[in-house]
Amino acid sequence: MLADLRQSVSDWIFRASVPEVPPVTLVQRRIFILPTRHGYGFAFVVFVLLLASINYSLSLGFVLTFLLGSMAGVAMLHTWRNLAHLKLRPGRCDPVFAGETAYFGVTLETPSLTRFAIGLRRRGEEALHADIGVGEPATVALPLQTRVRGRARCGRIEVFTRYPLGMFHAWSYVEFDLSVLVYPKPDPSAGAPPQDGRSATEEGIPVRGDEEFNLLRQYQPGDTLRQIAWKALARERGLLTKEFSAMASSELWLDWDQARAPDIEARLAILAHWVLQAEEFGQGYGLRLPGVRIAPDRGEAHRARCLEALALYGLAP
Amino acid sequence: MKRAPYSPHLDVRNVLWLLASMLVVVAPHMLRLPYWVGLFFVAVVGWRAWISWSAIHFPPRLLVLAITVVATIGTYLQFGRIGGREGGVTLLVLMSALKLLEMRTQREVVLCVYLGFFLVLTNFLFSQSIPLGIYMLACVWIFIATLIGFNRPGRSPRLGERLRPAGALLVQALPLMVAFFILFPRVNGPLWALPRDGQAGMTGLSDTMSPGNIANLIKSDAVAFRVRFLGERPPYSTLYWRGPVLTLFDGGTWHMLREAHPATIAYTRAERPTRYEVIIEPSNRSALFAIDAPAEVPADARVMTDLQLRSARPVTETRRYEVTSWLDYRYGAAEDARSLQRDRSFNPERNPRTLALGRLWAAESSDPRAIVARAVQLFNREFTYTLEPPVLDPRDPYDDFLFNTKRGFCEHYAGSFALLMRAAGIPARVVTGYQGGEVNPFNNELIVRQADAHAWTEIWLAGEGWTRVDPTAAVSPLRVEQGVNAALGPIGVIPSLIAADRLGVLANLRFGWQLLNGRWEQWVVGYNTDRQRDFFARLGMPAVDWRTLGFWLVMAIFVVGGAVTLGLLVRERPRRPDASLAAWNRYCAKLAAAGFPRAPHEGPLDYLARVRRARPQWGDAAEEITRRYVAARYGDSATREELRALAGRVRDFRAA
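The structure presented is a predicted model; accordingly, all values stated were derived computationally and were not measured. (Residues numbered from 1 in each chain as written. Chains lettered and ligands numbered in written order. Predicted model: local features only at pLDDT ≥ 70, side-chain atom pairs only at ≥ 80, totals over all residues. Heavy atoms only, no water.)

Caption draft 1: Layout of the overall build of chain A. Assigned secondary structure in chain A consists of 7 helices and 17 strands. Out of the 317 residues in chain A, the part that is buried amounts to 53%. Put simply, chain A shows about 15000 Å² of open surface, and 56% of that area lies on carbon and sulfur atoms. (Helix = DSSP H or I, 4+ residues; strand = E, 2+ residues; numbered from the N terminus. Buried < 20%, exposed > 50% of the residue type's maximum accessible area, 1.4 Å probe, protein only. Areas by Shrake-Rupley, 256 points an atom, 1.4 Å probe, with all protein chains shown as cover.)

Structure, rendered in structure tokens:
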């Protein structure tokens, strides 16, 4: 309750705003700085040193006290400067399947001065640190443990630093329109795509059951890399080629109605599995969902289109 | 792609840095504190290093607790208490070691670094010399470097990446530190009572004298005080710096008069005034020193009936005072009979042979001058001046000295002479203080060291009053004319090379160093309320109070702090990228111009792969440039030729 209140106050103070247009430069007015617990501790240390110096008339004690005190002040400037004018851009955010860890890439660039120990974190997450040299942008990938399909947003990112002495915490908030697609988690128990979705023009009849065995043959020079059964190779069963000759020209429709499951999410999981299966066997496939129709095709881009449709099915755009 | 996940485990190299800094800061203490303290500290630090190095377990808390208790008891047994300077510092050193032993988290690391700063301060309780100051500055530097290492999560920085920013922080802090040092209002006296031995280790004359204690003092090279004469420097032989006057004698030890009180001295003759400024080192005693006889004295000092100058409070810090003295004086002719009787008294049970000799002389002559002459003759004929006299019989020390050993030092001569005079019925007393000093040719300052400590006598003559007699001069006239080194000859008891070389290069170096030390003592170590007021008086602001100082301090913080801030921000201009990077950027620009820009997050190799896939016609040239760039930038440092080759390839590259 108190934490919520604190959060909303802090949101108000720090103007958690609409997504910003990259690149974002951390200009002076958006950087905040406060002493850390170690900073307050250090202030106490300096105070005690001062008392001792006065009491024992230790001139060099005064020198030490004032040197440390002034240094803390200079350190504050250094901390602030370590963050100021840093330029941030959104980076890559590769789609993942629900349950996997998604990474939001953020690229940091410095116009001058090498920056040390710049930390980035999403609200409530562990921070990641990077050093950024001039002309050497660094990319930090902020992890997100995904659970459900859809579009996971990165949300507000805190960019902060405590370098050099850890006595001050300088920070700024950046909110990019940074999101990652989370595909439904495939349901491997669904087995192979049903073949009654095959179009009328098809010729080859696929072998039901364990197609992996039936459709593998010895590798012959000239087979494309895509056709090699890497999984089999990994299991040390030799170089095998997946044989799809019977289906090469066939078209497979992966249909919402065929994925029989009690609820939407389970259906999507089955369909996701089928998409992967079909793609793995180099089969052309199309996808039919209520309100969505993707014409048969194959390849990375097609697969991504299908999975995206599954990920976003029924969600507000 | 750089990712540095935060690791809760302490980096081994960082921990070793911290341990090394702690060793460095405690090292001077190891020479001062009992040897077992140093051994304990080194052992525990070694143990902690081993824990991190071999990733073994920390000791159980119960064991640490047990060691803590043992260490505390050890401190108590050593010093008889826990407080005090030595005891307190010992305890702090031991506890810091134990804190290191259970240091597991970043928070405890920070605590240990802060403890390190306290350890720096404790060193100043023992010495505030220039060398120690420099050493401690280095310690602070190392501690800051350590702290920086711990603030680079996930990556232990190289030596330069620690020391350079730490040095920059300290250098940038200097101006503000100086402003604070000058302007921060100084408070007189301690805020709470000093531990009794807070100032121990200071040397100086004591208020008693028994054979042997000045000799120890004379072996010390420490400065007692410095003198700046406002007029001409009086002749060396008149430089008797009067300190404690010892009137009471119990047969073995001379004591100061307890009932001595401030008095206005009536001089029957007072001529040849000399005015001078004395900068005295802390002695923790009230004795101040002035040439015989003091005339005008500072406001917080008093002249006693026996002419000694006493301070209102003990000298616990470097202090400056001005005195005027009469070099030619006569006083005490009207001394009352009771005090004269006291000044003739002695313990008849001890030193019987000395007393008999004195009585014999008195029987043979009634003229005090003749008796003094006989004593001087005696010393002159048979006695040897040495700083290493034989140990004397504690019951009858002066019998032993006069009739057996016949070897001794000023206190032996002064003490036995005074006793002989008393036995002969002449009022006599011992005066301790310093004699002479050494002139620094650079600034004409007179430096008086503990080695110049001296004891002489005064006898009372009817019609003349108290008259100085220095029996040591009879044995070793050089002692009084030129100082103790001359008296002992070139290979004296002071086993110092430079002491023998009075006018050579070494002497000049030594005087230069003296001068520097003098300034340091005066303006840095001795910078107190008076000095601060002095400083501002010189700037044309007499009688500054803390409010004025506070105002100027705030101003200085704004001005100096503002200047440092500006300096830091101006330095933020874009830095010229290095040659390999510049070439690479040109190459990327060419590709971008050809419609194939590098993505911000793309590393050189990823970019190359993409170029190869999409624009195979550029492949070989692109590959060579990328390979050379990666080698120059991320490999070992590239030679000039390699950089030139890279630049050439980029220049020749045509993205068509």
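Caption draft 2: Fine view of the interface of chain A and chain B. At the interface, 66 residues of chain A touch 67 residues of chain B. Taken together, the two surfaces of chain A and chain B that pack against each other cover about 6100 Å², and 70% of this comes from carbon and sulfur. Between the two partners, chain A and chain B, sit 1 salt bridge. Residue Asp131(A) pairs with Arg152(B) through a salt bridge whose shortest N-O separation is 2.8 Å. For the interface between chain A and chain B, the tally reads 11 residue pairs in polar contact (both at pLDDT 80 or more). For the side of chain A that touches chain B, the elements supplying multiple residues, two or more each, are helix 2 (37-55), helix 3 (59-83), strand 5 (101-109), strand 6 (115-122), strand 7 (128-132) and strand 8 (138-145) of chain A. (Contact = heavy atoms within 4.5 Å. Buried area = accessible area lost by both parts, 1.4 Å probe. Salt bridge = Lys/Arg side-chain N within 4 Å of Asp/Glu carboxyl O. Polar contact = N/O pair within 3.5 Å; in protein donor to acceptor, adjacent residues only side chain to side chain.)

Caption draft 3: Geometry of helix 2 (residues 35-54) of chain B. Residues and elements named next belong to chain B. Taking 1.5 Å of rise per residue, the 20 residues of helix 2 would be expected to cover 28 Å, and the 28 Å separating its terminal C-alpha atoms lies within 8% of that figure. By the burial criterion, the buried members of helix 2 are Val 37, Gly 38, Phe 40, Phe 41, Val 44, Val 45, Arg 48, Ala 49, Ile 51 and Ser 52. Buried residues of helix 2 fall within an arc of 165° about the axis and therefore sit on the same side. Turned more than 90 degrees away from the buried face of helix 2, the exposed residues are Tyr 35, Leu 39, Trp 50 and Trp 53. In this fold, the buried residues of helix 2 make contact with helix 1 (12-32), helix 3 (61-79) and helix 4 (85-101). Count one or two residues on from helix 2 and you reach Ala 55, which has phi positive near 50°. (Expected span 1.5 Å × (residues − 1). Arc of directions from axis to C-beta.)

Caption draft 4: Structural detail: the sheet that holds strand 4 (residues 96-97) of chain A. All names here are of chain A. Pairing within the open sheet is mixed, and its 3 strands lie in the order 4-12-9. In the strand order of this sheet, the two ends are held by strand 4 and strand 9 (150-153), each with one partner. Sheet topology places strand 9 next to strand 12 (residues 179-183); 4 bridges connect them, and they run antiparallel. Bridging across to strand 12, Arg 151 finds its partner in Leu 181. Contacting strand 4, strand 9 and strand 12, helix 7 (residues 300-312) crosses the sheet at an angle of about 90° to strand 12. (Pairing = 2+ DSSP bridges. Axes fitted to C-alpha atoms, helices over the stretch in contact; angles between N-to-C directions.)

Caption draft 5: Representation of the packing of helix 1 of chain B against helix 6 (residues 130-150) of chain B. Residues and elements named next belong to chain B. One can describe the packing of helix 1 onto helix 6 by two numbers: an axis separation of 8 Å at closest approach and a directional angle of 160°. With respect to helix 6, the axis of helix 1 lies roughly antiparallel. Here helix 1 and helix 6 pass one another in a crossing that is left-handed. On helix 6, the residues touching Asn 14, Val 15, Trp 17, Leu 18, Ser 21, Met 22, Val 24, Val 25, Ala 27, Pro 28 and Arg 32 of helix 1 are Leu 132, Tyr 135, Met 136, Cys 139, Ile 142, Phe 143, Ala 145, Thr 146, Gly 149 and Phe 150. For the contact of helix 1 with helix 6, the class distribution of residues is 16 nonpolar, 4 polar and 1 charged. (Parallel < 35°, antiparallel > 145°, perpendicular 65-115°, else oblique. Left-handed = near helix turned anticlockwise from the far one by under 90°. Nonpolar A, V, L, I, M, F, W, Y, C, P; charged D, E, K, R; others polar.)

Caption draft 6: Just the pairing of strand 12 (residues 319-331) of chain B, in detail. All names here are of chain B. Here strand 6 (residues 267-280) runs beside strand 12; their pairing, made up of 12 bridges, is antiparallel. When the bridges of strand 12 are listed, Tyr 267 appears paired with Tyr 331. Here strand 9 (residues 294-296) runs beside strand 12; their pairing, made up of 2 bridges, is antiparallel. Along strand 12, the bridge assignment pairs Glu 296 with Thr 324.

Caption draft 7: Spotlight on a nonpolar patch on the surface. The grouping of Leu62(B), Leu65(B), Val69(B), Ile73(B), Tyr76(B), Leu77(B) and Ile82(B) at the surface amounts to a nonpolar patch, some 720 Å² of accessible area in total. With respect to the helices and strands, the residue Leu77(B) is situated in helix 3. (Patch = residues over 30% accessible without salt bridge, like charges linked within 9 Å, V, L, I, M, F, W, Y side chains within 5 Å.)

Caption draft 8: The arrangement of the environment of Ala75(A) in detail. Tracing the chain through its elements places Ala75(A) in helix 3. Those residues in contact with Ala75(A) that lie beyond four places of it in its chain are Pro164(A), Leu165(A) and Leu169(B).

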